[in-house]
Amino acid sequence: MSKTAIILGATGLTGGLLLEKLIADTSYQKIKLFSRSAVTITSDKIEEHLIDLLKLEDSKKDFTADHVFCCIGTTASKTKDKELYKSIDYGIPATAAKLAKQNNIHTFVVMSSMGADAKSSVFYNKTKGEMEQAILQQKIAHTFIVRPSLIGGDRKEFRFGEKIGQAILKILNPLLIGGLKKYRMIHPEKIASCMQILANEHDVETIISSDKILTIVNTKE
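Reading guide: rules and limits
- Residues numbered from 1 in each chain as written.
- Predicted model: local features only at pLDDT ≥ 70, side-chain atom pairs only at ≥ 80, totals over all residues.
- Heavy atoms only, no water.
- Helix = DSSP H or I, 4+ residues; strand = E, 2+ residues; numbered from the N terminus.
- Pairing = 2+ DSSP bridges.
- Axes fitted to C-alpha atoms, helices over the stretch in contact; angles between N-to-C directions.
- Salt bridge = Lys/Arg side-chain N within 4 Å of Asp/Glu carboxyl O.
- Buried < 20%, exposed > 50% of the residue type's maximum accessible area, 1.4 Å probe, protein only.
- Core = buried A, V, L, I, M, F, W, Y, C linked by side-chain atoms within 4.5 Å.
- Contact = heavy atoms within 4.5 Å.
- Expected span 1.5 Å × (residues − 1).
- Phe/Tyr/Trp six-rings, centres within 6.5 Å; stacked < 30°, edge-to-face > 60°.

**Quick look at the environment of E201**
Mapped onto the elements of the fold, E201 is located in the loop between α5 (188–200) and β7 (207–209). Sequence separation between E201 and H142 is 59 residues; the distance between their C-alpha atoms is 9.4 Å.

Structure representation (structure tokens):
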């Protein structure tokens, strides 16, 4: 069966890798992209919707697909205003889940973060936790939340704190064993692969920690 996918965040690091994977996947006939700017990759499968993502509800009639992949996220350095930050990291995924429910889309895969906790005193973790709760409240049949640790790879924009963290974890990764594996730095290609697998294989738990991401991908490779 030829499927249609929606990707939110395809211009980002993980979302871009996911887009490449879905283009190469013959089971997907169409890939709808909802974003502020166009992607650089070209394919007959791509259908771009260049919109203000903070007004995603206005695109309800176009928000139809078999699978939704949400890779939306910003940083404190990029978005200093906490209200705007929350409208992006919480508001966009929550609205996407609401539209998916209203349009009878039964599979929703979202990228969150390790440490997500709605009760956390840390704004970033609290926002991610509240986002997860809002998505789960929609009760979409096949909902998957991936919680990667620090993401490796080269982004288009320079993130000083992230670069420092990556350098440290490159040294510490081999020492993080057993229950500490979930803290290992993870490559975005693995996250994208996991999201693709989750959308098509539903016999998996809802919340996927960083070490479980690798387990799922390595089982399929």
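**A few points about the sheet that holds strand β4 (residues 67–70)**
Taken together, the 7 strands give an open sheet; going across it, the order is β3-β2-β1-β4-β5-β6-β7, and neighbouring strands pair in parallel fashion. Of all strands in the sheet, those with a lone pairing partner are β3 (46–50) and β7, marking the two edges. Geometrically, the sheet is characterised by an average inter-axis angle of 15° between neighbouring strands, direction not taken into account. Where strand β1 (residues 3–8) and β4 come together, 4 bridges link them in parallel fashion. Residue pairing in the sheet places I6 in a bridge with V68 of β4.

**Overview of the pattern of salt bridges**
The tally for this structure, following the rule as stated, stands at 9 salt bridges. Taking the shortest distance from any N to any O, the salt bridge between E189 and K21 comes out at 2.6 Å. Of this pair, E189 sits in helix α5 while K21 is found in helix α1 (residues 13–24), placing the two residues 168 residues apart along the sequence. Across the pair E132 and R147 runs a salt bridge whose closest N-O atoms are separated by 2.7 Å. One end of the pair, E132, is in helix α3 (residues 123–136); the other, R147, is in strand β6 (residues 142–147), with 15 residues separating them in the sequence. Given the relative accessible area of 4%, E132 is considered buried. Here R147 falls in the partly exposed class, since its relative accessible area comes to 21%. Several salt bridges share partner residues, and in doing so they unite K86, K126 and E130 into one network.

**Quick look at the nonpolar core**
Judged by nonpolar contacts, the single largest core of 30 residues is most densely connected at I7, F69 and V146. Per-element tally for this core: the top contributor is α5, with 7 residues. Those residues in contact with F69, other than ones at most four positions away along the chain, are A5, I6, I7, L8, L18, L22, Y28, V109, M195, Q196 and A199. F34, L56, A97 and I140 belong to the second largest nonpolar core, which has 24 residues in total.

**What to know about α5**
If you check α5, its first and last C-alpha atoms are 19 Å apart, about what 13 residues at 1.5 Å a residue would give, namely 18 Å. When you tally the buried positions in α5, you get 10 out of 13 residues, the bulk of the element. The set of residues buried in α5 consists of P188, I191, A192, S193, C194, M195, Q196, I197, L198 and A199.

**Quick word on the packing of aromatic side chains**
Per the stated rule, a full pass over the model turns up 3 aromatic pairs. Both rings, one in Y85 and one in F123, keep their centres 5.4 Å apart while their planes meet at 55°; by these two values the pair is tilted. Residue Y85 is found in helix α2 (residues 82–102), and its partner F123 is found in helix α3; the two are separated by 38 residues along the sequence. A relative accessible area of 4% places Y85 in the buried class. Consider the rings of Y85 and Y124, whose centres lie 6.4 Å apart with planes at 70°: the pair is edge-to-face. Note that Y85 is positioned in helix α2 and Y124 in helix α3, a separation of 39 residues in sequence. Three or more aromatic residues joined by ring pairs make a cluster, and in this case those are Y85, F123 and Y124.

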